[in-house]
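Structural characterization, general
The primary structure of each chain is shown beneath.
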Amino acid sequence: MPAPERIPTGSLTAVELLAKGELTVRGRIREASNAVLYCSVSHEGAEAHCVYKPVAGERPLWDFPDGTLAQREVAAYEVCAALGWDLVPPTVLRDGPYGEGMVQLWIERPAGSDGALDQDGLLALVEGEEPGEGWKAIGLADVGEGRTALLVHADDERLRRLAVLDAVINNGDRKGGHLLLAEGGRLHGIDHGVTFHVDDKLRTLLWGWAGEPLTAEAIAALTRLATALAPGEPLATRLAELITAAELDALRARVAGLLADGVHRGPSGEWPPIPWPPV
């Protein structure tokens, strides 16, 4: 796919371009489980590429209300922004060629990249039972012919922030394919449709810090978020339009729990901890 044109600097932000611009469908990403359309968006001379996921193209899930995945993706962006972390690409909820849906800025991979996270130094399979220096263990993986290898992720601050975000939004599907490394080494997380459930649904590859103390940066970010989630605050009011009251209360409780415990979440034991397929 062609690289998106740079959004001009000035008063027009990426969010405004996504919300106000004219959407033109250029193609479909067929490997996605739901309808995902590759589009261009243009407004007042600015243009970029984006992903459009119409609500009408969402497949029903047994544990999430029908037609709510787009709202959850937008809520994840809003929460991430409130944490002060630029991890989720700008995301809006708007009308489009196939009805209301989520529209998110397209993240272009570096030139020559095949998108493989092992090549980006974020995930790896290694021999033995212990990760090497600079790596965190996820678990043993079946590599065929009765052999196993240790699946590890990098001990990387960018991933560590994502681990905190996932615990906050109760992400049920943080697999390797949902991590995008862009130009300049900027890491993005995408596909946040199965989030914000009131039950513990956390499934992720980023378990390497489980039980370890949260960083001072994470504590400060969570403290800001807790304040922003207070009833009547703009973020709380916005999220009330995207998720249910019970889900908003559960979000507040997760943030309070992380601050009280002061450590990274570990698996609950009540839900498979790693998504399938993991990558």
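Just above sits the structure.
Residues numbered from 1 in each chain as written. Predicted model: local features only at pLDDT ≥ 70, side-chain atom pairs only at ≥ 80, totals over all residues. Heavy atoms only, no water.

It is worth spelling out the overall build of the protein at this point. In terms of regular secondary structure, the protein is built from 6 helices and 10 strands. Against the compact-globule benchmark of 19 Å for 279 residues, the protein has a radius of gyration of 19 Å, which places it among compact chains. The buried share of the protein, taken over its 279 residues, is 47%. Long-range contacts, defined as pairs at least 24 residues apart, comprise 65% of the intrachain contacts of the protein with a sequence gap of at least 6. In the structure as shown, the protein presents an accessible area of about 13300 Å², 52% of it carried by carbon and sulfur atoms. Across the protein, 25 positive and 41 negative side-chain charges occur, with their mean positions spaced 3 Å apart. (Helix = DSSP H or I, 4+ residues; strand = E, 2+ residues; numbered from the N terminus. Rg over C-alpha atoms; globule rule 2.2 N^0.38 Å. Buried < 20%, exposed > 50% of the residue type's maximum accessible area, 1.4 Å probe, protein only. Contact = heavy atoms within 4.5 Å. Areas by Shrake-Rupley, 256 points an atom, 1.4 Å probe, with all protein chains shown as cover. Lys, Arg positive; Asp, Glu negative; His and termini not counted. Charge placed at Lys NZ, Arg CZ, Asp CG, Glu CD.)

Right, let's get into the side chain of His 153. Position of His 153 relative to the elements: it lies in strand E8 (residues 147–154). In this structure the side chain of His 153 is engaged in a polar contact, spanning 3.0 Å, whose partner is the backbone nitrogen of Gly 208. Excluding residues within four positions of it along the chain, His 153 makes contact with Leu 122, Leu 123, Trp 135, Lys 136, Ile 138, Leu 159, Leu 205, Leu 206, Trp 207, Gly 208 and Trp 209. (Polar contact = N/O pair within 3.5 Å; in protein donor to acceptor, adjacent residues only side chain to side chain.)

Before going further, it helps to examine the packing of helix H3 (residues 157–169) against helix H6 (residues 245–261). Close contact between H3 and H6 brings their axes to 8 Å; oriented N to C, the two are set at 135°. In terms of their interaxial angle, H3 and H6 are classed as oblique. Residues Ala 167, Val 168 and Ile 169 of H3 pack against Leu 251, Arg 254, Val 255 and Leu 258 of H6. When its residues are assigned to classes, the contact of H3 with H6 shows 6 nonpolar, no polar and 1 charged. (Axes fitted to C-alpha atoms, helices over the stretch in contact; angles between N-to-C directions. Parallel < 35°, antiparallel > 145°, perpendicular 65-115°, else oblique. Nonpolar A, V, L, I, M, F, W, Y, C, P; charged D, E, K, R; others polar.)

Spanning 13 residues, helix H4 (residues 216–228) covers 19 Å between terminal C-alpha atoms, matching the ideal 18 Å at 1.5 Å per step. Among all positions of H4, only Ala 218, Ala 221, Leu 222, Leu 225 and Ala 228 are buried. Mapping the buried residues of H4 onto a view down its axis gives an arc of 115°, with all of them on the same face. Away from its buried face, by an angle of more than 90 degrees, H4 presents the exposed residues Ala 216 and Thr 227. Along its buried surface, H4 packs onto helix H2 (69–83), H3, helix H5 (234–239) and H6. (Expected span 1.5 Å × (residues − 1). Arc of directions from axis to C-beta.)

Moving on, we come to the nonpolar core. One recurring pattern in soluble globular proteins is that nonpolar side chains are buried together. Counting residues in hydrophobic clusters, the biggest one holds 45 residues, and the most contacted among them are Val 79, Val 168, Leu 239 and Leu 251. Elements supplying a minimum of two residues to this core: H2, H3, strand E9 (179–181), H4, H5 and H6. With near-sequence residues (within four places) excluded, Val 168 lies in contact with Val 79, Leu 222, Leu 225, Leu 251, Arg 254, Val 255 and Leu 258. Leu 18, Ala 48, Tyr 52 and Val 103 belong to the second largest nonpolar core, which has 15 residues in total. (Core = buried A, V, L, I, M, F, W, Y, C linked by side-chain atoms within 4.5 Å.)

On to the pairing of strand E4 (residues 91–96), then. Summarising the sheet, E4 and strand E5 (residues 99–105) pair through 6 bridges and their orientation is antiparallel. The residue bridging Asp 95 from the neighbouring strand is Glu 100, located in E5. (Pairing = 2+ DSSP bridges.)

Taken as a whole and judged by the stated rule, the model has 15 salt bridges. Here Arg 238 makes a salt bridge to Glu 78, at a shortest N to O gap of 3.6 Å. Of the two residues, Arg 238 is situated in helix H5 and Glu 78 in helix H2; the sequence distance between them amounts to 160 residues. The partly exposed category is assigned to Arg 238, whose relative accessible area is 27%. In this structure, a network of salt bridges that share partners links the residues Lys 53, Glu 73 and Asp 191. (Salt bridge = Lys/Arg side-chain N within 4 Å of Asp/Glu carboxyl O.)

So, on to the environment of Gly 101. Positionally, Gly 101 belongs in strand E5. For Gly 101 and Gln 71, which are 30 residues apart along the polypeptide, the C-alpha to C-alpha distance reads 8.1 Å. Sequence-distant contacts of Gly 101, defined by excluding residues within four places in its chain, comprise Tyr 52, Lys 53, Pro 54, Val 55, Ala 70, Val 92, Leu 93 and Arg 94.

Relative to the 18 Å expected for 13 residues at 1.5 Å per residue, H3 spans 19 Å between its end C-alpha atoms, a close match to the ideal helical length. The element H3 is extensively covered by neighbouring structure, given that 10 of its 13 residues are classed as buried. By the burial criterion, the buried members of H3 are Leu 159, Arg 160, Leu 162, Ala 163, Val 164, Leu 165, Asp 166, Ala 167, Val 168 and Ile 169. Looking at the buried positions of H3, the neighbouring elements they touch are H2, E8, E9, strand E10 (187–189), H4 and H6. Just past H3, the residue Asn 170 takes up positive phi, approximately 60°.

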